[in-house]
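Examination of the molecular architecture
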Amino acid sequence: MEEVDVEPSPMVIADLNSFIYRHLGFEWGPGDLLVYETNYKLSAGSPLVHVVRKDEDICSPILRKLFNESHLIFVGLQKIKEDVPSKNKKSQFVSISKNYRSVIRACMEELQQNADGSLASQYGDQVSILLAIELIWNLCEVLFIDAAPAGSLLLHLLDWVRLHKSDVDARAREVLQSESPAQHQSYWDVVISLVLQGRMDEARQVLSKQASLRAESSSVFKRMDVLLQTMPIFNPTGTQTLTEFDVKWRHWHEECDRCLQDNTFASNRHLETIVKILVGDEDTILEQKELLSTWYHFLVTRLLFTHPTIKPPDLHYYAQSSMNMFLGPRAPPEPLDIILLSAFEFDLHQVIKDCSIALNNWWFVAHLTDLLDHCKLLQSHNLHFGSNLREFLVLEYASGLFTHHSLWQLAVDYFDHCPEFGRVYLELQIERIPLDTERKAIKVLRICEDRQMSEQVRSICKIMAKRALRNNRLGSALSWSIRAKDAAFATLISERFLQDYCNKGSFTDLDLLDNLGPAMLLSDRLTFLGKYREFHRLYGENRFSEAAKLLLSLMTAKIAPRGLWMTLLTDALPLLEQKEVKTRTTHALHSHFTVVKKLDEDIESTKTELLRLALARNLAMAIVKEGTIET
């Protein structure tokens, strides 16, 4: 998930007129943007085709964990019952949102641990993007999913800032672990940073190091300690109402202002700076730009010391003015600033739109939009071409996954949960999957069979059957053709089996042929193949009478290929010597021999003579036997 990365190829285009003159075309893919000149006939590897943007995230082994883990969360979210009111499911949605964020953070930590050597730059960029994504998601969680009311809202925003401004903790540890914390060069920066984040207890702890060294000014430090200790913090689970808290906070604020007016801390400029921050002096807070580092940190600090009971509808005014004050007229806002400002303005659709533009991967907007849609926050926004926003983004994300050799399996579940166009997309994408191995083909086939995608099932089976036939793997080819219920192809493969038998004198793939079952009824030729193999099995088990009956039935049913008639009669010769074979079987075989001889004059004379003699001898024995019985 990185911003647009343009890697220009050697391409001489002077200006806009040149663009128009050359008639450039382009085509978006799930991972790339291809630019090409339409004046020329293009061939594979043509230098006139240029990959302008490449999505490297889907190829990153670490980010693939993000895709896999978030897939499990996504599937779990779809299982939440729709008949339960959204208000009752709020805690579930907040928990799911935190699960998504924990997956993002886990990936960030792994990227940071592996960001060395040639991957340092790439992983560093991905960490930066994931940090921004988690920042936006967390804010959306506070404002939209949790929908914190006045009082609680500021507490959530403080947690949001603290989570994403974690360098304060590292600097505080460095100061406190030094030999002389109060003399450390970052001492006062740490104290003020903690105050800016509303972490008063920790600020008092660090401040006590200085107070213990200055006995002459201990009263001043004690006074500051009291102000920090008595600062009211709203407790949403307590019995105090928001109005009571507001009155208490105003009394405390007046006390801080009185200390400032009385020059209580004039003897120490650092303490005076702190008390100015406590009274909400915006100029003093702005002087701490380096410690705040971002306009949204400035916003939350400003609200903490001027308007702690801020209501959600009033946020947009403070957000806009805070960004303007912090950035100034000369510094244009970055894309991240615009996205966060849209969130503070409660313009959810603009947040999604800007994120879709700024990020080159649909992962973030697809999962966030899906969660917001479950929270019933996107019902009013439908697209003009029939699909709602949630489904459109999920479809785009899933289509991107299908370009990866293993992640495509995750995409199937995403398509399954797009009720309007999901099946259509899945059918189109399934056809594009390269069936490199039988194992992969079976996976794809199961997916199609589970969803009653009969056309795709037939297509996959035909492809695999033809491939197996080209490789002379008749058993596999027959198995695939049966699965496809393709009678014509099954007939073709059955004939190949019979040709091999005629050439080699034995069958291959006996396990398959012996267990065809009802599948042999798919075509007459397959039926003959299965029954003919059964004849050989009966003969091998010395069940001559049954074998003779089966062989006779194959000849009388007229499903045997004409080219095999002589072979069938040859197979019958050993049976004629067996006592179990009945007289009428001999008569029937003799009549078939006569028919075969008339139809096929090209039969080898030696084989014909042997058959004639054998049949004549056995026929005579049968006649004698019949006469003896009658007598």
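All of the points below concern the structure found in this document. Values in this document were obtained by computation on a predicted structure and should not be read as measured data. Numbering of residues begins from 1 in every chain and follows the order in which that chain's sequence is written. Only residues with pLDDT of at least 70 get local features here, since the model is predicted, and only at 80 or more are side-chain atom pairs given and counted; chain-wide, interface and lining totals rely on the full set of residues. Hydrogen atoms and water are omitted, and side-chain values are computed over all heavy atoms in the structure.

Now for the environment of Asp-514. Secondary structure counts use DSSP, requiring at least four H or I residues in a row for a helix and at least two E residues in a row for a strand, with both numbered from the N terminus. For Asp-514, the position within the fold is in helix 26 (residues 510-514). Exposure is judged per residue with a 1.4 Å probe applied to protein chains only, and the accessible area is read against the type maximum: over 50% gives exposed, under 20% gives buried, and values in between give partly exposed. We classify Asp-514 as partly exposed; its relative accessible area is 33%. Not counting the four nearest positions on each side in its chain, Asp-514 is found in contact with Arg-533 and Arg-537. Any two residues having at least one pair of non-hydrogen atoms within 4.5 Å are treated as being in contact.

Before going further, it helps to examine empty space enclosed by the protein. Site definitions follow a grid-based scheme: protein atoms alone, a 1 Å grid, a 1.4 Å probe that fits but cannot get out for cavities, and for pockets an open set with protein on both sides within 12 Å along at least five of seven lines, plus lining residues having an atom within 4 Å of a point. Grid points are joined across faces, edges and corners, and a volume is the space filled by probe spheres set on the points. Within this structure, the stated rule accounts for 2 cavities of 30 Å³ or more. Of the volumes computed, that of the largest cavity is approximately 80 Å³. Surrounding the largest cavity, Gly-151, Leu-154, Leu-155, Leu-158, Met-231, Pro-232, Ile-233, Phe-234, Phe-245, Trp-249, Leu-304 and Pro-308 form its lining. Elements with a minimum of two residues in the lining of the largest cavity: helix 5 (152-163) and helix 10 (242-261). If one sorts the elements of the lining of the largest cavity by residue count, helix 5 sits on top with 3 residues. Quantified by volume, the second largest cavity comes out at close to 30 Å³. Along the walls of the second largest cavity sit Ile-80, Glu-82, Lys-89, Phe-93, His-374 and Lys-376, which together make up its complete lining. For the lining of the second largest cavity, a count of residues per class yields 2 nonpolar, 1 polar and 3 charged. Residue type decides the class: Asp, Glu, Lys and Arg count as charged, Ala, Val, Leu, Ile, Met, Phe, Trp, Tyr, Cys and Pro as nonpolar, and the leftover types, Gly among them, as polar.

Residue position: Asp-370 is located in helix 18 (residues 363-374). On a C-alpha basis, the gap between Asp-370 and Leu-389 in space is 9.0 Å, while along the polypeptide they are 19 residues apart. Non-local contacts of Asp-370, meaning those with residues more than four positions away in its chain, are made with Phe-74, Leu-77, Gln-78 and Arg-390. Within the structure, the side chain of Asp-370 is placed 3.0 Å from the side chain of Gln-78, a separation counted as a polar contact. In protein, a polar contact requires one atom able to donate a hydrogen and another able to accept it; more generally it is a pair of N or O atoms within 3.5 Å, and residues adjacent in sequence count only if both atoms are side-chain atoms.

Let us look at the pattern of salt bridges. Within this document, salt bridges are pairs made up of a side-chain nitrogen of Lys or Arg and a carboxyl oxygen of Asp or Glu, the two lying within 4 Å of each other. Tallying each qualifying case throughout the model produces 27 salt bridges. Glu-141 is the partner of Arg-101 in a salt bridge, and the nearest nitrogen-oxygen pair spans 2.9 Å. Of this pair, Arg-101 sits in helix 3 (residues 90-114) while Glu-141 sits in helix 4 (residues 120-145), placing them 40 residues apart in sequence. For the pair shown, Arg-101 and Glu-141 are each scored as buried.

Moving on, we get to helix 11 (residues 269-278). Inspection of helix 11 places His-270, Leu-271, Ile-274, Val-275, Ile-277 and Leu-278 among the buried residues, and these make up the whole buried set. For helix 11, the buried positions fall inside an angular range of 155 degrees around the axis, keeping them on one side. Buried positions along helix 11 lie against helix 7 (187-196), helix 8 (200-211), helix 9 (218-229), helix 10, helix 12 (282-286) and helix 14 (295-306). For helix 11, the N-terminal capping position is held by Asn-268, with its side-chain oxygen 3.0 Å away from the main-chain nitrogen of His-270. Looking one or two places after helix 11, you find Gly-280, whose phi comes out positive at around 80 degrees. The directions from the helix axis to the C-beta atoms are what the arc is built from.

Moving on, we come to the nonpolar core. Membership of the largest hydrophobic core comes to 178 residues, with the highest contact counts inside it found for Trp-160, Leu-278, Trp-295, Phe-344, Trp-363, Phe-364 and Ile-430. No other element matches helix 4, which puts 14 residues into this core. Nonpolar core, defined: a set of buried Ala, Val, Leu, Ile, Met, Phe, Trp, Tyr and Cys residues in which side-chain atoms within 4.5 Å join the residues together.

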